[in-house]
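Understanding the architecture of this molecule
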Amino acid sequence: TMALEHTAATQRPDMQKMEDPRRCRFQGDSVLFRRVVSVFVLFGFLSTVCVADANFLGGVIPGARVGAYLHPPAGHPWGLPRLQHVALCSDNFQGALEAGKQRARDILVGAEKFVFGACGGAAGAAVMFPVEAIKMRMQAMGSEATFDRVLRSALKHEGLAGLYQGLGSTVMAVAPEKAIMFGVNGVLRTYAKDYHDERGMLPLPLEFAIGGLAGAGQVLFSSPKEMIMIQMQMASQQGVLPIANNPLIHIRRLGLANMYRGVSATLLRDVPFAAFYFAAYSRIRLAMQGERDRLNFGETLFAATAAALPAAFLTTPADVLKTRLQAAAGQRGVPSTLPAVASHIFKTEGLRGFFVGAPIRVGLKAPTLGVALVVVEVLTRLTHGEV
C-alpha cells in the first residue's frame, strides 16, 4: 500500500504536466474570446457615441456637421456594426475642441467681471468711507442732524480716525458684494446678447430684471457689512475705545442672526437701485459714445456717476429704514420691524424723516460707483491690452 501511494505521489506531477497544456490552451482561448468580444463591444459603443454626439454637437456647436458621422447599420440601435461603420469623427472632434476653447474663454471673461467688480467696489468704498460714516450717523440720529454738526462732533470727540471706524471690515465685505453686483450684471448681459437691438441696447424691462437680480445677489454681503459698520460708528460716537470696538466684538454681542436684521429694507433699497443704475448707465454711455467704440476714462466716470444720482435719491427711504433697523439691533423698547419703524418715522418726523441724509447719500453713492466702474474699465482694458 505504501508503495502504491509513493508511486501515485511521484506520478501526480507528471499527470499535472500532461494536463497543463490543455488547460493553458483552454484559458488562452477564453482570454482571446473575451478580447474579441470586448473589441466588438467597443466598436459598437464608439459608433453609437459618435452618432449621438453628432446629433448633440450639430444642435449645440455652431459649424458641427451631422453628416460627417457614419450611422450604425439598420436594425436595433445597439446592434454591433462592421468596421467600416465606425466613424473617426475627426472634424467634429475639432469642432468640439474649438467650442470648448470658446466656452473656457467665456468662463474667464465672466470670472474677470467678478474679480474686477470686487476691486472696483473696494476702491470706491475706501475713497468715500468717511462720507458714508457721516451719512449713517445722520440717519441714525434723525431729521435734526446736519452734515456740519455731525462732522464737527466727530472731529472734536473722536478725531479723523473715528470716521474710519469699520473701514477694514467694510472694504473686505464690499469686495464680494460688488463682485456679485458687477459680475452677475455682466454675465447675464452676455447671455442676453441675442436680445440686443441694432444700437446694442437691451429691452428696458430685461435690463431692469438683470440689474434687479444683481442687486438682490449683493444683499448677501451688504446687509451684514452695513450692520457691523453702523454698530461700530454708533459705538465710536458713544465714546467706546477702539480696542473694544471691532467687528468680532459686535458679531459676538449681536449673534449671527442679527447680522441680517433689516434685510427686507436692504432688498427694498438694493434691488431697485441696481435696476435703475445699470439701465441708466447703459443709456447715458450710448448717448455720450455716439459713433465711437468706447468712452475715455473721464467720460466713463461722468456717465457712471450721473447714472447713480436718480437711483440713489429714489432709494433713500429704504436706506433710512435699513439704518434705523440696524442701529436698534440689540436694544429693547424700540421698533424692530419694518412696518413699525416706518410708522414711527412718519408719526414723529413726517415724510421728511424718510429722506434724512438724501443729499449726502446721493453725493456719496454716485462718485463711489463712478470710481468703481472706472476701476473695472481700467482693469478690463489693461487685461485685454486695449489701453
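Each chain has its residues counted from 1, running along the sequence as written. Under the rules for a predicted model, residues below a pLDDT of 70 receive no local features and side-chain atom pairs below 80 are neither given nor counted, while totals for whole chains, interfaces and linings still include all residues. By convention in this description, side-chain values take in all heavy atoms of the structure and omit both hydrogens and water.

Details of a nonpolar patch on the surface
Test applied: Only residues whose relative accessible area exceeds 30% and that take part in no salt bridge are eligible for patches, with like-charged residues grouped when within 9 Å of each other and nonpolar side chains (Val, Leu, Ile, Met, Phe, Trp, Tyr) grouped when within 5 Å. Accessible areas in this description were obtained via Shrake-Rupley with a 1.4 Å probe; residue shielding takes into account the shown protein chains only. The term salt bridge refers to a side-chain nitrogen of Lys or Arg lying within 4 Å of a carboxyl oxygen of Asp or Glu. Going along the chain from the N terminus, every DSSP run of H or I of four or more residues is numbered as a helix, and every run of E of two or more is numbered as a strand.
Residues Leu-204, Phe-208, Phe-276, Phe-313, Leu-314 and Phe-355 make up a contiguous nonpolar surface patch of roughly 520 Å² in combined accessible area. Mapped onto the elements of the fold, Phe-313 is located in helix α8 (residues 297-314).

So, the packing of helix α5 (residues 204-237) against helix α6 (residues 247-254)
Quick reminder of the rule: Angles here are taken between N-to-C directions and fall from 0 to 180 degrees, while the axes themselves are lines fitted to C-alpha atoms, restricted in helices to the stretch in contact. Orientation is classified from the angle alone, with under 35 degrees giving roughly parallel, over 145 giving roughly antiparallel, 65 to 115 giving roughly perpendicular, and any other angle giving oblique. We call two residues in contact when some of their heavy atoms are within 4.5 Å. Any residue outside Ala, Val, Leu, Ile, Met, Phe, Trp, Tyr, Cys, Pro, Asp, Glu, Lys and Arg is labelled polar, Gly included; the first ten of those are nonpolar and the last four are charged.
Contact geometry for α5 and α6: axes closest at 10 Å, N-to-C directions at 105°. In terms of axis orientation, α5 runs roughly perpendicular to α6. The residues of α6 that touch α5, namely those facing Met-227, Ile-228, Gln-231, Met-232 and Ala-235, are Pro-247, His-250, Ile-251, Arg-253 and Leu-254. When its residues are assigned to classes, the contact of α5 with α6 shows seven nonpolar, two polar and one charged.

Description of the packing of aromatic side chains
Heads up, the rule is: Between 30 and 60 degrees the pair is tilted, below 30 it is stacked and above 60 it is edge-to-face, where a pair is any two Phe, Tyr or Trp rings, Trp via its six-membered ring, whose centres lie within 6.5 Å. Under the scheme applied here, a residue whose accessible area is under 20% of the maximum for its type counts as buried, over 50% as exposed, and between as partly exposed, the area being computed with a 1.4 Å probe on protein chains only. Lysine NZ or arginine CZ positioned within 6 Å of the ring centre and within 35 degrees of the ring normal marks a charge as sitting over the ring.
The final tally for this structure, using the stated rule, is six aromatic pairs. Between Phe-208 and Phe-276, the aromatic rings sit 5.7 Å apart at their centres with planes inclined by 85°, giving edge-to-face as the arrangement. On the criterion of sequence distance, the pair formed by Phe-208 in helix α5 and Phe-276 in helix α7 (residues 263-289) is long-range, its members being 68 residues apart. Between Phe-273 and Tyr-277, the ring centres sit 5.9 Å apart and the planes meet at 5°, which makes this aromatic pair stacked. Highlighted residues: Phe-273 and Tyr-277, both in helix α7, separated by four residues, approximately one helical turn. With a relative accessible area of 2%, Phe-273 lands in the buried category. Here Tyr-277 falls in the buried class, since its relative accessible area comes to 0%. Linked through ring pairs, Phe-182, Phe-273, Tyr-277, Phe-278 and Tyr-281 together constitute an aromatic cluster. Directly above the aromatic system of Phe-273 lies the positively charged group of Lys-365, at a separation of 5.4 Å from the ring centroid.

Describing the side chain of Arg-269
The line we're drawing: Any pair of nitrogen or oxygen atoms within 3.5 Å is treated as a polar contact; in protein, a donor-acceptor pairing is required on top of that, and neighbouring residues in sequence qualify only through side-chain atoms on both sides.
Inspection of the secondary structure assignment puts Arg-269 in helix α7. Accessibility expressed as a relative area gives 3% for Arg-269, which makes it buried. Engagement of the side chain of Arg-269 in a polar contact is seen with the side chain of Asp-270, the distance being 2.7 Å. Beyond its immediate stretch of four places on either side in the chain, Arg-269 contacts Ser-222, Glu-226, Thr-315, Ala-318, Asp-319, Lys-322 and Arg-361.

A word on the environment of Ile-134
Mapped onto the elements of the fold, Ile-134 is located in helix α2 (residues 90-141). For Ile-134, a relative accessible area of 3% corresponds to the buried category. Taking the C-alpha atoms as reference points, Ile-134 and Leu-163, 29 residues apart in sequence, are found 7.4 Å from one another.

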